[in-house]
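Chains, contacts and geometry: an overview
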Amino acid sequence: MIIIGAGGHGLSLAYHLVKKGVKGIILVEQSRIGYGSSSRNASRFRYHFYSKENIEFALEGIKYLISQKKELKYNPLIYKTGYLWLLHDENLIESFKKLHSLWSSYSIGGKFLECREFEFLKVNGTCYFAPQDGAFHHDYILYSYYEEIKDKVDIKYAKVSKILHNNGKITGIKLESGEEIKDDVVIVTAGAWSGELLKTANINLPIYPDRKEIFITEDVKFGIKPLVIDFKREIYFSHTLKGEIIGGIEKEDIGFKEFSISFLDSIEYLKRLREVVKGIEGIGILRGWSGYYEMTPDHSHVMGYGNDWPEGLFIDAGYSGHGMMFAPYAGKIMADLIADNKKNRFIQIFSPDRFKEEKLIEEKMVI
């Protein structure tokens with residue numbers, strides 16, 4: 001079988017297939033391991049979503065993420081930090097009261113607190129703190145999977161130009177070089193590029209890139225443990241273990257844009273950060289990067305296959321900014337589907353057919 005894309009989801013799938021004893025796996029990557037979103041994220045995990053479907057997926061996915069640290073070669077440094085939302089008006093507070101009720105029904109309720117209880121904040125008002133959420137290190141997950149599969153899987157560095165099919169069945173892929181690789185199973189785990197690849201098989205699945213930037217400041221005394229989300233200033237941030245402040249500003253930038261960062265955006269990030277955080281006057285930006293959120297119309301991911309797709313074609317993509325934390329679990333249940341024909345309930349819930357059936361999973365908690 002052929003897996004397209006060697007990011008977190010492609011590597012996880014290959015790893016779980018190898019664990020099952022599957023042979024003859026070809027992993028095709030256009031650039032390098034983790035080139036796309038998997039190595040360009042803020043490495044956080046959370047249970048707190050808007051839709052029941054994503055909450056339930058997070059409950060299972062994070063449990064599996066945490067269990068993986070026992071078998072991974074490298075320690076992914078999973079630890080709880082919490083998420084902290086700054087609620088600047090009554091409408092937001094009312095919205096979070098409803099969400100709190102939903103989250104509490106899943107035993108993941110947080111707390112409404114006065115923002116002044118967090119000593120690093122300059123702002124007053126109401127905050128919502130979810131202590132269950134946390135952080136991890138994405139590279140240690142990526143390269144743990146890579147180390148396990150590199151001698152058991154045929155890894156090819158090439159760009160796929162077309163997914164081949166005939167008479168309703170997958171027959172392989174064609175590379176940009178013109179080379180064809182024959183196989184009757186193709187799995188697309190290519191992140192933001194997944195929609196474009198499926199078009200080559202005459203399938204229109206709405207997955208598109210939204211470029212995001214992340215900035216890291218010089219280090220200061222550690223104090224911002226939770227990931228802070230400020231709706232008013234459209235900024236999120238937290239401390240790294242080294243004391244740097246990592247975060248970004250909310251800005252939509254649709255399309256396959258260059259992986260670069262804007263000097264003006266970095267200045268704006270610092271400006272907004274200084275409005276919220278005490279004692280950081282004078283610190284500068286140390287580094288930054290950009291990457292893609294792989295978006296869908298309902299901001300929920302897609303996995304499995306469509307009922308009218310060529311036989312042997314599968315998808316795992318479209319995670320809309322929360323893909324890396326779910327890579328271990330997604331790889332497991334996709335491997336169960338492909339190798340054992342075992343269909344986890346989430347395969348049906350997050351099916352690509354939901355778009356044409358108008359059964360969207362509206363996810364409004366995209367961070």
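Structural notes, computed from the coordinates. By convention here, each chain's residues receive numbers from 1 onward along its written sequence. Local features in this predicted model are restricted to residues whose pLDDT is 70 or higher, and side-chain atom pairs enter the listing and the counts only when it is 80 or higher, whereas totals over whole chains, interfaces and linings include all residues. Heavy atoms throughout the structure, all of them, feed into the side-chain values; hydrogens and water do not.

Brief notes about the pattern of salt bridges
- Salt bridges are counted wherever a side-chain nitrogen of Lys or Arg sits within 4 Å of a carboxyl oxygen of Asp or Glu. According to the stated counting rule, one finds 29 salt bridges in the structure shown.
- With a shortest N-O distance of 3.7 Å, glutamate 147 and lysine 73 are connected by a salt bridge. One end of the pair, glutamate 147, is in helix α4 (residues 138–149); the other, lysine 73, is in the loop between α2 (52–68) and β4 (79–80), and 74 residues separate them in sequence.
- The residue arginine 354 makes a salt bridge to aspartate 298 at a minimum N-O spacing of 2.7 Å. Numbering of helices and strands runs from the N terminus; a helix is a DSSP stretch of H or I covering at least four residues, while a strand is a stretch of E covering at least two.

Quick look at the pairing of strand β2 (residues 26–29)
- Three exposure classes are used, based on accessible area relative to the maximum for each residue type with a 1.4 Å probe and protein chains only: buried under 20%, partly exposed in between, and exposed over 50%. Alternating residues of β2 divide into Ile26 and Val28 and Leu27 and Glu29, and every residue in both groups is buried.
- Here, a strand pair is defined by DSSP locating no fewer than two bridges between the strands. Where strand β1 (residues 2–4) meets β2, three bridges bridge the pair, whose relative direction is parallel. Residue pairing across strands places isoleucine 2 opposite isoleucine 26, the latter belonging to β2.
- Crossover connection from β1 via helix α1 (residues 8–19) to parallel β2: handedness right-handed.
- Bridging between β2 and strand β9 (residues 154–157) involves four bridges; their strand directions are parallel. Paired with leucine 27 across the bridge in β9 is isoleucine 155. Classification remark: right-handed applies to a crossover when, strands pointing away from the viewer, the course from the first strand over the helix to the second runs clockwise.

Concerning the state of the cysteines
- Disulfides are defined as cysteine sulfur pairs within 2.5 Å. A complete count under the given rule lists one disulfide for this structure.
- Between cysteine 115 and cysteine 127 runs a disulfide, and the two sulfur atoms are separated by 2.1 Å. With the S-S dihedral at roughly 110°, the linkage between cysteine 115 and cysteine 127 falls on the right-handed side. In this pair, cysteine 115 is assigned in the loop between β6 (111–114) and β7 (126–130) and cysteine 127 in strand β7, connecting sequence segments twelve residues apart.
- Among the residues examined, cysteine 115 registers a relative accessible area of 1% and is labelled buried.
- A residue is classified by how much of its surface remains accessible, and cysteine 127, at 0% relative accessible area, is buried.

A look at the sheet that holds strand β3 (residues 44–45)
- Strand order in the open sheet made by the three strands is β3-β8-β4, with antiparallel pairing throughout. Each of the sheet's edge strands pairs with one partner strand only, and the pair in question is β3 and β4.
- Relative to strand β8 (residues 134–135), β4 runs antiparallel, the two being bridged by two bridges. When the bridges of β8 are listed, tyrosine 79 appears paired with alanine 135.

Describing the nonpolar core
- Residues grouped as a nonpolar core are buried Ala, Val, Leu, Ile, Met, Phe, Trp, Tyr and Cys residues, joined through side-chain atoms within 4.5 Å. Core analysis: the biggest nonpolar cluster contains 71 residues, and Phe57, Trp85, Phe96, Trp103, Ile187, Met303 and Met334 have the highest contact counts within it.
- Considering every element that reaches this core, the biggest residue donor is helix α7 (residues 327–340), with eight residues.
- Pairs of residues are marked as contacts when any of their non-hydrogen atoms sit within 4.5 Å. Setting aside chain neighbours within four positions, we find phenylalanine 57 in contact with His301, Met303, Tyr319, Phe326, Tyr329, Ile333, Phe346 and Phe350.
- Core analysis: the next-biggest nonpolar cluster, separate from the first, contains 25 residues, Val186, Ala190, Leu197 and Phe355 among them.

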